[in-house]
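# Working through the structure, step by step
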Amino acid sequence: MPEGLILKGVGGFYQVESREGLYECRVRGLFRKKGITPLPGDYVDFTITDEAAKEGWIEEIRQRRNYFNRPPVANINRLAVVLAAANPSPDFLLADKLIISALLNDIEPIVIINKIDLVKRADIDETERIYIKTGFPIVKMSKVTMEGYDLLHEKLKGKCTVFAGQSGVGKSTILNNITSSSVMETGEVSKKIKRGKQTTRHVQLIPIDYGGYVVDTPGFSLMSPEGVQHEELSWMYPEFEKYQSLCRFNGCSHIKEPGCSIKDAVKAGEISEKRYECYKRIYEELKQLYDKRYE
Ligand SMILES: Nc1nc2c(ncn2[C@@H]2O[C@H](COP(=O)(O)OP(=O)(O)OP(=O)(O)O)[C@@H](O)[C@H]2O)c(=O)[nH]1
Ligand SMILES: [Mg+2]
Ligand SMILES: [Zn+2]
C-alpha cells in the first residue's frame, strides 16, 4: 500500500504527497466512527482508486509524535517563534508560552527576531540577550536587507516547522521568501481575509525546495501551555536549570522564597529579567488554573 503525508485537508478531501505523486484522498467512514480526524502532517497509508485522476482512500493513520488543535497539525518537530524587533513591539509573554508548548511536545523552538531593519543594533542585541542563555537558535532577519535567511534555511532543512507569533510580525512574509510560490497573504490582504472568513483559513504543509515543510499560522492562533503544572514550569526554562538545585528550599517556586538562586541569578544578570518576569506571570496563571480545578 502506498504511504504518504497529508499536506492539507479541505472539505473532506486530503492532499496526500507520496513517492508516486500528489493524490486527492477521501477518508473511510471508519475513522469518523472512531472519532479520528486526519490532520495535515499525518503520515498515512492509502489505496489508489483512480491513477489517472490521482484519487484514493486514506486507510490508516500512522502513530503521531505530537498534534495540536490550534493550529490543527500533526508531527511537528520545530516551532519558529517569531518576534518583530518593532512594529508590533515584541510580546515576550506570548513568545514564552509558545516556547513552553513546544518543549512540552518535544519540539525544538527557534527564536526569530524579524524586522531588524527597523531598529538600532543595540536594540536588536538587547532582544537577543533575553534568549541567549536558553540555548535555542536565534535568527535575526529582515525582508529589507535579506539578513538571516541563510541561517534560517539551515534550521528548517529536513524539518516540519510551524511559524507562530503575534499578528504582523512577518511570518507570512518570511514564508513567501523561502517557498517559491507566493501562497500566503501578507499585511493588509491578510487582515481583510481574516475579518471576512476567519474560520476558512486552512492549515497546510508547504514543501521547501531543499527538503522539509513549513506551516504558516495566523496571528490569533495560540498553542497554550496548559499541559504543564505550575510546579514544573521552571523546567521549561532551560537557563534556570543549573541554578535550580541551589535554592535553599526543596521545591522552591522561585517566586517568594528566601535563598532562591534563580532570583539571585536574575539580580546578577545571569538570567534575563524579562524571561523571569514571564515565568512569574505564567506561573501565576497556571497556579490559578490549578486552584480552580474543582470549581
Ligand atoms: N520593515 C519590515 N517590514 C516587514 C518585514 N517583514 C514583514 N514586514 C511587513 O510587516 C507586515 C506584516 O507582515 P505579515 O507577513 O503579513 O505578518 P504575519 O506575521 O504573517 O501576520 P498575520 O498573518 O496577521 O499573523 C507587512 O506589511 C510586511 O511587509 C521586515 O523584515 N521589515
Ligand atoms: Mg500571516
Ligand atoms: Zn528558587
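On a predicted model such as this, the values are computed, not experimentally measured, just so you know. (Residues numbered from 1 in each chain as written. Chains lettered and ligands numbered in written order. Predicted model: local features only at pLDDT ≥ 70, side-chain atom pairs only at ≥ 80, totals over all residues. Heavy atoms only, no water.)

So, about the sheet that holds strand β11 (residues 160-164). Reading across the sheet, the six strands line up as β10-β9-β8-β11-β13-β12 and stay open at both edges, with mixed pairing between neighbours. Both edges of this open sheet fall to β10 (138-140) and β12 (206-207), since each of them pairs with a single strand only. Strands in contact with helix α3 (residues 121-132) are β8 (78-84), β9 (108-114) and β10; relative to β10, the strand with the most contacts, it is inclined by about 165°. Running over the sheet, helix α5 (residues 171-178) touches β8, β9, β11 and β13 (213-216) and is turned about 150° from β13. (Pairing = 2+ DSSP bridges. Helix = DSSP H or I, 4+ residues; strand = E, 2+ residues; numbered from the N terminus. Contact = heavy atoms within 4.5 Å. Axes fitted to C-alpha atoms, helices over the stretch in contact; angles between N-to-C directions.)

Take the pairing of strand β4 (residues 43-50) next. Along any regular strand the residues' side chains alternate between the sheet's two faces. As paired strands, strand β1 (residues 3-10) and β4 are joined by three bridges and run antiparallel to one another. Following the sheet pairing, Glu 3 is matched in β4 by Asp 45. Taken together, the six bridges between β4 and strand β5 (residues 55-61) define a ladder with antiparallel strand orientation. Within β5, the residue paired with Ile 48 across the bridge is Gly 56. Hairpin connection, β4 to β5: the antiparallel pair is bridged by four residues, and Lys 54 has positive phi, about 55°.

Moving on, we get to the domain arrangement of the protein chain. Entries for the protein chain in the domain assignment read domain 1 (3-63), domain 2 (68-216) and domain 3 (228-291). On a C-alpha basis, the centres of domain 2 and domain 3 stand 27 Å from each other. At the interface, 14 residues of domain 2 touch 16 residues of domain 3. Between domain 2 and domain 3 the total buried area reaches about 1300 Å² when both faces are included, carbon and sulfur atoms providing 72% of it. (Domains from an automatic or database assignment. Buried area = accessible area lost by both parts, 1.4 Å probe.)

What follows deals with the coordination of the zinc ion (ligand 3). Those donors, Cys 247 (SG), Cys 252 (SG), His 254 (ND1) and Cys 260 (SG), are the protein atoms that reach the zinc ion (ligand 3), and they lie 2.1 to 2.4 Å from it. Between the four donor atoms coordinating the zinc ion (ligand 3), the angles at the centre fall across 103 to 113°, so the site counts as tetrahedral. Here the donor residues of the zinc ion (ligand 3) share one chain and are spaced in sequence as C-x4-C-x1-H-x5-C. In terms of burial, Cys 252 and Cys 260 fall into one category: buried. (Donors = N, O, S within 2.8 Å, 3.2 Å for Na, K, Ca; no water. Tetrahedral: all angles 85-135°; square planar, octahedral: opposite > 155°, others 65-115°. Buried < 20%, exposed > 50% of the residue type's maximum accessible area, 1.4 Å probe, protein only.)

A barrel is described by the order of its strands in space; here five strands give the closed sequence β1-β2-β3-β5-β4, paired in mixed fashion. The average angle at which neighbouring strand axes cross in this sheet is 50°, direction not considered. Sheet topology places β1 next to strand β2 (residues 13-18); six bridges connect them, and they run antiparallel. Within β2, the residue paired with Leu 5 across the bridge is Glu 17.

What tends to happen in soluble globular proteins is that the nonpolar side chains get buried as a cluster. By size, the foremost hydrophobic cluster in this structure holds 53 residues, and its most contacted members are Tyr 131, Leu 233 and Tyr 237. Per element, the largest residue contribution to this core is eight residues, and it comes from helix α2 (residues 92-104). Viewed by domain, this core spans two of them, domain 2 (68-216) and domain 3 (228-291), each represented by three or more residues. Apart from the residues within four sequence positions on either side, Leu 233 is in contact with Ile 100, Val 228, Tyr 279, Ile 282, Tyr 283 and Leu 286. Counting residues in hydrophobic clusters, the runner-up holds 18 residues, among them Ile 112, Met 141, Tyr 149 and Ile 174. (Core = buried A, V, L, I, M, F, W, Y, C linked by side-chain atoms within 4.5 Å.)

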